[in-house]
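# Examination of the molecular architecture
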Amino acid sequence: MPRPIEALVHTDALTHNLAQARACAPDAKVWAVIKANAYGHGIARAYEALRAADGFALLDLAEAQLLRELGWRGPILLLEGCFEPRDLELCSRLKLWHAVHCEQQIDWLAMHKTHEPHRVFLKLNGGMNRLGFVPSAFRAAWTRLNVLPQVDEISLMMHFSDADGPRGVAHQMAAYAEAAADLPGERSLSNSAAILRHHADEAVRGDWVRAGIVLYGSAPDFPEHDSAHWRLEHTMTLRSRLIGTQLLKAGDSVGYGSTFVAEAPMRIGIAACGYADGYPRICPTGTPVLVDGVRTRTLGRVSMDMLAVDLSGLPQAQIGSEVTLWGRGPKGQVLPIDEIARAAGTIGYELMCALAPRVPVSVHPAP
């Protein structure tokens, strides 16, 4: 039989979370962000559940082509734009909208031969300092694009660096107002954190909001708020089973490095999940886990293929018992992925994206 580990993608939760994002910004159109293969969920698996979006946003041309093959005829936005001049040919063929964040991308457009002008999203660097034109160069970039016959409509976009925290968005909105206040075109400013925390501000909402992690049930401002606070549902479950049990005496240790030592006699279980499956090796003793839906903890170091769990107070747990590493338990219990991420010193986004190819993935409910 196959090794007893699998991931479930909950399509009902994806649909619900998209509706939650839209409810926060009912007067804006919604990009469903499906970069990184839909945050590890699989574009092909997530597509039907997210079809109510007004458009899809991603990075890779191959993912854009897959989306067209799945039947999507609406807008697709390349969030980082083109990476070389020949990418524009595929943008023309697949009718892709694309970000423009540097002078080289404008140069490529100026040399591009096309019968259908492109819809572009001119990106402002409002303080994130990754991609985009600084405010003093933004209008000149808009002017260059505006005279190109290769360009149809110019929209404006920016990305918030601190929408999930106390600094907020005011400093970047000020930069945006200075650079773009009277320029025409639709606006796309809000990421997931801004959708949830700053949607009351019409200027922040703009014309398009970009729903990323909010679609996948992880709270962008955890631990200040959890997914339940934002009425989000968990879209991915990672589950396994116990493949062994051990009885420990006081002084017995568990796993590599003997980082956990039993203080009294206890029973432990061994689950078929490890860092080669995408579960973080760095998770320490005490990371929460569900066994048969009952909350307990991990013990010792995570191995490549196995991890140990505490079965104290779980006399019913035996070989074959279900182990929920994150997501939905067997009887409706929930173990938020954000809790495991916090134990690992990271964020839920990373765990979703790091799910290993060797883990079988199925859609639930089944189509």
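All residue numbers refer to positions counted from 1 along the written sequence of the respective chain. Totals for whole chains, interfaces and linings use all residues, but because this is a predicted model, local features are given only for residues with pLDDT of at least 70 and pairs of side-chain atoms are given and counted only at 80 or more. Side-chain numbers here rest on the full set of heavy atoms in the structure, without hydrogens or water.

### Thoughts on unusual backbone geometry
Where we set the bar: Secondary structure counts use DSSP, requiring at least four H or I residues in a row for a helix and at least two E residues in a row for a strand, with both numbered from the N terminus.
The residue after phenylalanine 222, namely proline 223, is reached through a cis peptide bond having omega 10°. Residue proline 365 is bonded to the preceding histidine 364 through a cis peptide linkage, with omega at -5°. Structurally, proline 365 can be placed in the segment after strand S19 (361-364). Here the phi dihedral of alanine 38 falls at roughly 55°; this positive angle occurs in a residue that is not glycine. Unlike most non-glycine residues, aspartate 292 shows phi in positive territory, near 50°. Inspection of the secondary structure assignment puts aspartate 292 in the loop between strand S14 (288-291) and strand S15 (294-299).

### Notes on the layout of surface pockets
Unfilled space is identified by rolling a water-sized probe across the atoms. As a reminder, the rule being used: Detection works on a 1 Å grid of protein atoms alone, calling trapped sets that fit a 1.4 Å probe cavities and calling open sets with protein on both sides within 12 Å along at least five of seven lines pockets, with lining residues defined by an atom within 4 Å of a point. Grid points are joined across faces, edges and corners, and a volume is the space filled by probe spheres set on the points. Under the scheme applied here, ten amino acids are nonpolar (Ala, Val, Leu, Ile, Met, Phe, Trp, Tyr, Cys and Pro), four are charged (Asp, Glu, Lys and Arg), and all others, including Gly, are polar.
Here the largest pocket is characterised by a volume of approximately 720 Å³. Lining the largest pocket are 35 residues; nearest its centre among them are Lys35, Tyr39, His159, Asn191 and Tyr349. Taken together, the elements giving at least two residues each to the lining of the largest pocket come down to helix H2 (35-39), helix H9 (192-197), strand S9 (208-211), helix H11 (337-343) and helix H12 (348-353). Taken together, the residues that form the lining of the largest pocket break down as 18 nonpolar, eight polar and nine charged.

### Quick notes on the pattern of salt bridges
Going by this rule: Salt bridge, as used here: a side-chain nitrogen of Lys or Arg that lies within 4 Å of a carboxyl oxygen of Asp or Glu. With a 1.4 Å probe rolled over the protein chains alone, any residue whose accessible area is under 20% of its type maximum counts as buried; one over 50% counts as exposed, and the rest are partly exposed.
Tallying each qualifying case throughout the model produces 23 salt bridges. A salt bridge links arginine 119 to glutamate 186, with the shortest nitrogen-to-oxygen separation between them at 2.7 Å. One end of the pair, arginine 119, is in strand S6 (residues 118-124); the other, glutamate 186, is in the loop between helix H8 (170-180) and strand S8 (187-188), and 67 residues separate them in sequence. Side by side, arginine 119 and glutamate 186 carry an identical accessibility label, which is buried. For aspartate 252, the salt bridge goes to lysine 249, with nearest N and O atoms at 3.6 Å. Given a relative accessible area of 22%, aspartate 252 falls into the partly exposed group.

### Some words on the packing of aromatic side chains
Inclusion rule: Side-chain rings of Phe, Tyr and Trp (the six-membered ring for Trp) are treated as a pair once their centres are within 6.5 Å; stacked means planes under 30 degrees apart, edge-to-face means over 60, and tilted covers the remaining angles. Whether a charge lies above a ring is judged from NZ of Lys or CZ of Arg, which has to be within 6 Å of the ring centre and within 35 degrees of the ring normal.
For the structure on display, the rule yields 10 aromatic pairs. Grouped by ring-pair contacts, the aromatic residues Trp31, Trp97, Phe121 and Trp208 constitute a single cluster. The cationic tip of arginine 119 hangs over the ring face of tryptophan 97; the distance from NZ or CZ to the ring centre is 4.1 Å.

### Remarks on H8
How we decide: Note: the arc covers the axis-to-C-beta directions of the helix.
When we look at burial in H8, the residues that qualify are Gln172, Met173, Ala175, Tyr176, Ala179 and Ala180. Around the axis of H8, the buried residues are gathered within 160° of arc, so they sit on the same side. Every exposed residue of H8 that faces more than 90 degrees away from the buried side is listed here: Ala170 and Glu178.

### Comments concerning helix H5 (residues 87-94)
The line we're drawing: In this analysis, two residues are considered to be in contact whenever any of their non-hydrogen atoms come within 4.5 Å of each other.
Of the positions making up H5, those classed as buried are Asp87, Leu88, Leu90, Cys91 and Leu94. Buried residues along H5 cover an arc of 160° about the axis, so they all sit on one side. Those residues of H5 that are buried are in contact with helix H4 (61-69), strand S4 (76-78), strand S5 (97-100), helix H6 (103-111) and S6. One or two steps after H5, the chain reaches lysine 95, where phi turns positive at roughly 55°.

### Overview of the environment of proline 223
Looking at where proline 223 falls in the secondary structure, it is placed in the loop between S9 and strand S10 (236-248). Here the alpha-carbon distance between proline 223 and glutamate 339, two residues 116 residues apart in the chain, equals 8.5 Å.

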